[in-house]
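Structural description and commentary
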Amino acid sequence: MRNIKWITFIAIAAILTIVAGCSGNETSSKENGEDAAGETYEWKLGWNSGLDGTARGEAAKAFAEYVEDNSDGRISIEFFPNETYGTAQEMIEAVQIGALDMQIAGSNMMANIVPQYAALSLPFLTKGTDEAYAVLDGEIGDHLKELGEEEGFKVLGDVDLGFAQITNNVRPIHTPEDLAGVKMRSPNDKSLIETFKAFDSSVSTMAYTEIYNGLSQGVIDGQFNPLLHIFDQNMDEVQDYLAITNHTYYYAYFIMNNDLFNNLDEELQQVVLEGGQKATEAARQFGAENEEKYLEMAQDAFKEITEPELAPFQEAVQPVYETMADVMGEDIINDMQSFLEEYRANK
């Protein structure tokens with residue numbers, strides 16, 4: 001029923017967007033005889049985690065503060081955290097057609113539209129945030145942003161979410177074999193789904209905000225997320241075992257509808273781009289400042305914490321790279337691997 005309602009909403013929103021001309025949230029001062037430079041905008045920004053104490057929330061606040069302070073009152077931002085506007089995938093589709101102005105969207109979810117966005121999430125590709133930042137801040141990152149524009153998204157920045165760890169209620173994880181038969185939740189990202197299939201897990205997808213209920217009701221046994229997300233949704237309350245694997249890097253893109261961005265005057269476009277950079281910086285700072293805090297919290301929150309030897313896990317997921325090459329193309333994978341080899345050699 002919810003899907004039917006959402007499809008109806010999207011269809012109506014699309015019609016209203018076309019009728020409005022640009023954004024449905026745009027207030028034009030042309031009616032008062034002023035030129036286009038006087039237009040004002042009220043934008044909706046959605047994401048799937050909390051407002052306070054999360055990387056997405058900190059990015060959202062940094063962006064809003066900057067653009068509202070530097071647009072002479074022409075831009076205001078309304079927040080829709082915790083999927084209060086729609087699920088993550090629904091919001092992505094809404095931004096694409098202009099029904100929602102902006103979103104902080106997980107790159108793995110956006111990969112359903114731009115397959116190359118799953119490349120940086122490939123298992124054990126990067127070994128630390130410095131490597132991930134180097135990819136995103138360089139030519140490869142610029143290319144990924146351009147791919148988004150081709151699909152209707154203006155990428156304003158990236159939001160660091162951290163490296164994912166595994167939790168479950170079945171057993172402590174020491175080897176890939178310990179994951180066999182465990183019912184794991186995954187985002188709807190083929191690279192991550194294939195990763196846990198390689199461990200012989202039973203994999204299902206569900207919305208981020210539904211994970212807690214899924215775990216507490218036994219629909220799923222486990223999940224994987226950065227620690228800050230595990231605590232953001234109180235998953236530690238319904239999970240016994242934590243394995244520190246750092247097996248995939250999570251990040252989000254700060255996106256807006258591309259037509260909406262292109263219809264702004266050059267001055268506001270610059271303010272919005274600078275706001276996106278402020279969002280990126282705020283998220284990275286938040287992650288750096290809180291990583292140790294969440295590790296300390298985990299010591300008391302879980303029945304047992306393991307730090308498995310990663311070599312067997314890395315070996316088990318090699319077929320995932322071959323599978324994903326067919327989905328996103330070999331070029332993006334080869335480009336990232338070559339870049340990282342050179343980056344490590346020059347450190």
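Note that this is a predicted model, so its numbers are computed, not measured. Within each chain, residues carry numbers counting from 1 in the order of the written sequence. Given that the model is predicted, a residue must reach a pLDDT of at least 70 before its local features are reported, and side-chain atom pairs must reach 80 or more before they are shown or counted; all residues, however, enter totals for whole chains, interfaces and linings. Side-chain metrics in this entry use all non-hydrogen atoms of the structure; hydrogen atoms and water are not considered.

**Quick word on the overall build of the chain**
- Runs of E in the DSSP output that reach at least two residues are strands. Runs of H or I that reach at least four are helices, and both are numbered from the N terminus. Helices and strands together make up the secondary structure of the chain, namely 14 helices and 12 strands.
- Out of the 347 residues belonging to the chain, those deemed buried represent 56%.
- Within the chain, residue pairs in contact and separated by at least 24 positions form 75% of the contacts whose partners lie at least 6 positions apart.
- The method behind every accessible area is Shrake-Rupley, applied with a 1.4 Å probe, and residues are considered shielded solely by the protein chains displayed. Accessible surface computed for the chain: about 15,200 Å², of which carbon and sulfur atoms make up 45%. Only protein chains enter the area calculation, which uses a 1.4 Å probe; residues under 20% of their type maximum are buried, those over 50% are exposed, and those in between are partly exposed. By definition in these notes, contact holds between two residues if any of their heavy atoms fall within 4.5 Å.

**Some thoughts on the pairing of strand 2 (residues 40-46)**
- At least two DSSP bridges between two strands are required for those strands to pair. Sheet topology note: the strand 2/strand 3 (residues 75-80) ladder contains six bridges and is parallel. Looking at strand 3, one finds that Trp43 is bridged to Ile77.
- Handedness of a crossover is defined as follows: orient the strands so they point away from the viewer, and if the path from the first strand over the helix to the second runs clockwise, the crossover is right-handed. Read from strand 2 through helix 2 (residues 55-70) to strand 3, the crossover connection turns out right-handed.
- Across two bridges, the pairing between strand 2 and strand 4 (residues 102-106) is parallel. Note on strand 4: the bridge partner recorded for Gly46 is Gln103.

**Description of the side chain of Asp221**
- Structurally, Asp221 can be placed in the loop between helix 8 (211-216) and strand 9 (222-225).
- This count recognises Lys and Arg as positive and Asp and Glu as negative, with His and chain-terminal groups excluded. For this analysis, a salt bridge means a side-chain nitrogen from Lys or Arg found within 4 Å of a carboxyl oxygen belonging to Asp or Glu. Of the buried charged residues, Asp221 lacks a salt bridge, with Lys183 as the closest side chain of opposite charge at 4.2 Å.
- Here Asp221 is in contact with Thr167, Asn168, Asn169, Val170, Gly181, Val182, Lys183, Leu215 and Gln239, once residues within four sequence places are set aside.

**A few points about helix 13 (residues 318-328)**
- Buried residues of helix 13: Val320, Tyr321, Met324, Ala325 and Met328, and no others. Down the axis of helix 13, the sector holding all buried residues measures 140°, keeping them to one side. With respect to the buried face of helix 13, the exposed residues turned more than 90 degrees away are Glu322 and Asp326.
- On its buried side, helix 13 packs onto helix 7 (190-198) and helix 14 (330-345). What the arc covers is the set of directions going from the helix axis to the C-beta atoms.

**Concerning the packing of helix 5 (residues 129-137) against helix 14**
- Interaxial angle, 0 to 180 degrees, is taken between N-to-C directions of lines fitted to C-alpha atoms, where a helix line uses only the stretch in contact. Where helix 5 meets helix 14, the axes come as close as 11 Å, and the angle between the chain directions of the two elements is 125°. The angle between helix 5 and helix 14 falls in the class oblique. Here helix 5 and helix 14 pass one another in a crossing that is right-handed. Note on element contacts: helix 14 touches helix 5 through Met336, Phe339, Leu340, Tyr343 and Arg344, opposite Asp130, Glu131, Ala134 and Val135.
- Residues are grouped as follows: nonpolar covers Ala, Val, Leu, Ile, Met, Phe, Trp, Tyr, Cys and Pro; charged covers Asp, Glu, Lys and Arg; every other residue, Gly included, is treated as polar. Looking at side-chain class alone, the contact of helix 5 with helix 14 contains six nonpolar, no polar and three charged residues. These descriptions rest on fixed angle ranges, namely under 35 degrees for roughly parallel, over 145 for roughly antiparallel, 65 to 115 for roughly perpendicular, and the rest for oblique. Each crossing is labelled by how the near helix is turned from the far one, with a counterclockwise turn of less than a right angle marking it left-handed and a clockwise turn marking it right-handed.

**Side note on the environment of Ile104**
- Among the secondary structure elements, Ile104 is positioned in strand 4.
- Here Ile104 falls in the buried class, since its relative accessible area comes to 1%.
- As for Ile104 and Val159, which are separated by 55 residues in sequence, their C-alpha atoms are 7.8 Å apart.
- Once residues within four sequence positions are removed from consideration, Ile104 is found in contact with Leu45, Gly46, Trp47, Arg56, Ala59, Ala60, Val159, Ala252, Tyr253 and Phe254.

**A closer look at a negative patch on the surface**
- There is a patch of like negative charges on the surface, built from Glu139, Asp142, Glu146, Glu150 and Glu151.
- Looking at where Asp142 falls in the secondary structure, it is placed in helix 6 (residues 139-150).
- Judged by relative accessible area, which is 40%, Asp142 ranks as partly exposed. Candidate patch residues must exceed 30% relative accessible area and have no salt bridge, after which like charges are joined if within 9 Å and Val, Leu, Ile, Met, Phe, Trp or Tyr side chains if within 5 Å. Taken as the charge centre is NZ of Lys, CZ of Arg, CG of Asp or CD of Glu, depending on the residue.

**Here's the deal with the confidence of the model for the chain**
- On average, the chain scores 91 in pLDDT, and the residues at 70 or more come to 89%.
- As a per-residue measure, pLDDT tells how confident the predictor is, with possible values from 0 to 100. Scored below 50 in pLDDT, residues 14-24 makes nine contacts in the model with residues more than four places away or belonging to other chains.

**Here's the deal with unusual backbone geometry**
- Positive phi values are uncommon outside glycine, yet Asp72 reaches one of about 55°.
- Relative to the helices and strands, Asp72 is located in the loop between helix 2 and strand 3.

**Regarding the environment of Lys293**
- Tracing the backbone through its elements, the reader meets Lys293 in helix 11 (residues 266-301).
- Expressed as a C-alpha distance, the spacing of Lys293 and Leu228, which sit 65 residues apart in the sequence, is 9.4 Å.

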